[in-house]
There are 2 protein chains.
Amino acid sequence: MKIAETAAWLQTCEQAVILIHQNPDGDCIGSGYALAALLRQMGNHAVVRCSDPISARYAFLLDDKDTVDESTAAVISVDVADRKLLGDLDAVYGERVQLAIDHHRIHRPFAAECCLNPQAAAACEIVYAIAKQLPVAMTEQIATCLYTGIATDTGCFQFDNVTPNTLRIAADLMEQFPNIRYAKINRAMFAVKSMGRLHLEQKLTDQMRSYFHGKCVVICITLAFLQTYGVDPAELDGLANFPLQVEGAEVGIMLKEKTANVFKISMRSADYVDVAAICKQFDGGGHIKAAGCLMEGTAEEVIQKLTDAVERSLAVR
Amino acid sequence: MKIAETAAWLQTCEQAVILIHQNPDGDCIGSGYALAALLRQMGNHAVVRCSDPISARYAFLLDDKDTVDESTAAVISVDVADRKLLGDLDAVYGERVQLAIDHHRIHRPFAAECCLNPQAAAACEIVYAIAKQLPVAMTEQIATCLYTGIATDTGCFQFDNVTPNTLRIAADLMEQFPNIRYAKINRAMFAVKSMGRLHLEQKLTDQMRSYFHGKCVVICITLAFLQTYGVDPAELDGLANFPLQVEGAEVGIMLKEKTANVFKISMRSADYVDVAAICKQFDGGGHIKAAGCLMEGTAEEVIQKLTDAVERSLAVR
């Protein structure tokens, strides 16, 4: 569905359950709660559901006052590229998603209708476009949600998913809502680290491994590592970008041990390697420069497989 | 002078020496070289002069092919808030600056004419506005200079000096010059660290001091520290923002020992403290959230004076 059709459909949607993806980030939370607020602005009802708890750092975006009849409400997903990413909610709602609003290049269709725009840097850009077509005014809370989603999915306008449209939406929000503390949001999202996180980064700097003349940098967070240093899991947020900050790195890989010998892999690339293609080899997916997969084996086995795949990608260039 | 007058004046300027401030950053380098390129586009001649060497990370902005007769050329400063900031070039040119283009709130007038806009997040925003009034086309090199200056002076659109206009200028540049590798520039400016820098940050995390329940965080880089760890001075760039990344910090202070018991102080604030006002007490200056001064004494004496001043500022709230 186009933006205008989606907006028309939403106007008829009296009750909605809005689903966001597991391990929720600023963009799915922002687009989910913005959409819920827009529906409420039209006199409809909406709730946001996520399989995982939402980190306290996003508490300023949440508004969970509304209720719906979940058995009859329309089900909408935002920023969900694949049913699997609904986590535990897939079993509950996966079969009855009526509308999926998404911006992932690799979107595996699962909803009856889809409003997809892979050119959008964030799902929040799409929700902004929809909001402009709805017969309601935007509010400060909605603008806060949309700005936060756009900022977090672009690394504060740093990544190459940013388009002139991305910047103009942010400019429009800033102009319409001058009282929102944008810099304060940015500081909380991008600049601030707990002392625990700073010390964690110290330790990761020590164990960082570098391959192919520094073009690939790997960090590995094992269960033993977490236990040894008493790391709060909340400190791990966004750590996937850590390896790529090393000068000269083209591919950054983070292994995170979920259960014994099962690793969640997060890959990032700086410039030319398609990490979504690499992760696809291991049944994962994502964006060209930010992707992930799940792998089994010892840390050494997993690292060997991953670096072999990275070596092939680097060789192509 | 207004933008239009400044543009008219520049059209008559056949030869120009463009001065930028000492310890040059992305904004003064970007605005200086953009202005030089604009003058050359009009068939005029311009050179950029700085008292200090320009770091290799900005090499992609430089274009030093032109020459002028420096004894008769017009002298223009960009992004220079005070004559003192011309460094060694003050003695050579300080008396004969004809035009100062600047965006600092605290600009101490020293030029015959001044094109000042404290609302601009970067001097590059002013040069962009001037460029729009000139009878020449922008080039990719000019756009690269302007984007880099705007991005670096706003922490990649993160700080509260960003206005809708800032974002729209970036959007316009991106639209007009889609081939510029914006994300690559951002990565080089904001995301990348050398291994030396990462190890330096490890050490600074260890020696970080915290005052007033964590509201003020101080790091101190003494000559002894630099010698002990064999730190390359180039690794220190932008380190002034390091203390403020600690969760809960409102004021971040970096002391850098220039010569024995002479410290360059860089202060940053997160939200409500006016660090320019604090630095002014020690004969320094800058922006509300980023300022500096020079102080003499032992590290302990200097830290005592600074934290006393910070305590008074925190108490006002």
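Now for a description of the structure that goes with this document. Counting starts from 1 at the beginning of each chain's written sequence and moves along it residue by residue. Here the convention is simple: chains get letters from A, ligands get numbers from 1, in the order in which they are written. Reporting of local features is limited, given that this is a predicted model, to residues whose pLDDT is at least 70; pairs of side-chain atoms are given and counted only at 80 or more, and all residues count toward the totals for whole chains, interfaces and linings. With hydrogens and water stripped out, all remaining heavy atoms of the structure feed into the side-chain values.

1. Digging into the interface of chain B and chain A
Under the convention used in this document: When checking whether two residues touch, look at their non-hydrogen atoms; a contact exists if any pair is within 4.5 Å. Here the buried area means the combined drop in accessible surface, using a 1.4 Å probe, for two parts upon being joined, counting both sides. Basic side-chain nitrogens of Lys or Arg form a salt bridge, by our definition, when they fall within 4 Å of a carboxyl oxygen of Asp or Glu. Nitrogen and oxygen atoms within 3.5 Å of one another constitute a polar contact, given that in protein one can donate a hydrogen and the other can accept it, and given that sequence-neighbouring residues count only through two side-chain atoms. Helical segments are the DSSP runs of H or I of at least four residues, strand segments are the runs of E of at least two, and each set is numbered from the N terminus. When residues are sorted by character, Ala, Val, Leu, Ile, Met, Phe, Trp, Tyr, Cys and Pro go into the nonpolar class, Asp, Glu, Lys and Arg into the charged class, and all the rest, Gly among them, into the polar class.
Of the residues lining the interface, 41 residues belong to chain B; the matching set on chain A comes to 41 residues. Both sides together, the interface formed by chain B and chain A hides about 3,500 Å², and carbon and sulfur atoms give 54% of it. For the pair chain B and chain A, the interface holds eight salt bridges. One salt bridge in this structure joins Asp172(B) and Arg168(A), with 2.7 Å as the shortest N-O distance. Remark: the boundary between chain B and chain A carries 19 residue pairs in polar contact (both at pLDDT 80 or more). Contributing elements (two or more residues each) for the side of chain B that touches chain A: α6 (164-176), α7 (182-191) and α8 (195-207) of chain B. The element best represented in the side of chain B that touches chain A is α6(B), accounting for eight residues. For the side of chain B that touches chain A, the residue count by class is 22 nonpolar, eight polar and 11 charged.

2. Things to note about the sheet that holds strand β9 (residues 262-269) of chain A
Residue and element names in this part refer to chain A. Our working rule: DSSP bridges decide pairing: two strands pair if at least two such bridges lie between them. All axes are obtained by fitting lines to C-alpha atoms, using only the stretch in contact for helices, and the reported angles, taken between N-to-C directions, cover 0 to 180 degrees.
Within the open sheet, the six strands sit side by side as β6-β7-β8-β9-β11-β10. Their pairing is mixed. The two strands at the open ends of the sheet, each matched to only one other strand, are β6 (209-211) and β10 (285-287). Averaged over all pairs of adjacent strands, the angle between their axes in this sheet comes to 20°, without regard to strand direction. Across six bridges, the pairing between strand β7 (residues 216-221) and strand β8 (residues 251-259) is parallel. Across the sheet, Val-218 pairs through a bridge with Ile-253, a residue of β8. Relative to the sheet, helix α8 (residues 195-207) contacts β6 and β7, its axis offset from that of β7 by approximately 125°.

3. Considerations on helix α11 (residues 299-316) of chain B
To keep it simple, the criterion reads: In this scheme, a helix's expected span is set at 1.5 Å multiplied by one less than its residue total.
Along its 18 residues, α11(B) runs 26 Å from first to last C-alpha, staying within 8% of the 26 Å computed at 1.5 Å per residue. Among the structural elements, β6 (209-211), β7 (216-221), β8 (251-259), β9 (262-269), α10 (275-280) and β11 (290-296) of chain B are those in contact with the buried residues of α11(B).

4. A short note on the packing of aromatic side chains
For clarity, the cut-off: Aromatic pairing here means that ring centres of Phe, Tyr or Trp (its six-membered ring) are within 6.5 Å. Orientation follows from the plane angle: under 30 degrees is stacked, over 60 is edge-to-face, and everything else is tilted. Exposure categories follow from relative accessible area, calculated using a 1.4 Å probe and restricted to protein chains: below 20% of the type maximum is buried, above 50% is exposed, and the middle band is partly exposed. Our definition puts a charge over a ring when NZ of Lys or CZ of Arg is within 6 Å of the ring centre and also within 35 degrees of the ring normal.
For the structure on display, the rule yields nine aromatic pairs over all chains. Both rings, one in Phe157(A) and one in Phe157(B), keep their centres 6.3 Å apart while their planes meet at 85°; by these two values the pair is edge-to-face. Of this pair, Phe157(A) sits in the loop between α5 (140-153) and α6 (164-176) while Phe157(B) sits in the loop between α5 (140-153) and α6, placing the two residues on different chains. The exposure class assigned to Phe157(A) is buried, which follows from its relative accessible area of 2%. Members of the aromatic cluster, connected to one another through ring pairs, are Tyr147(A), Phe157(A), Tyr182(A), Tyr147(B), Phe157(B) and Tyr182(B). Over the ring of Tyr58(B) we find Arg57(B), and its NZ or CZ is 5.3 Å from the ring centre.

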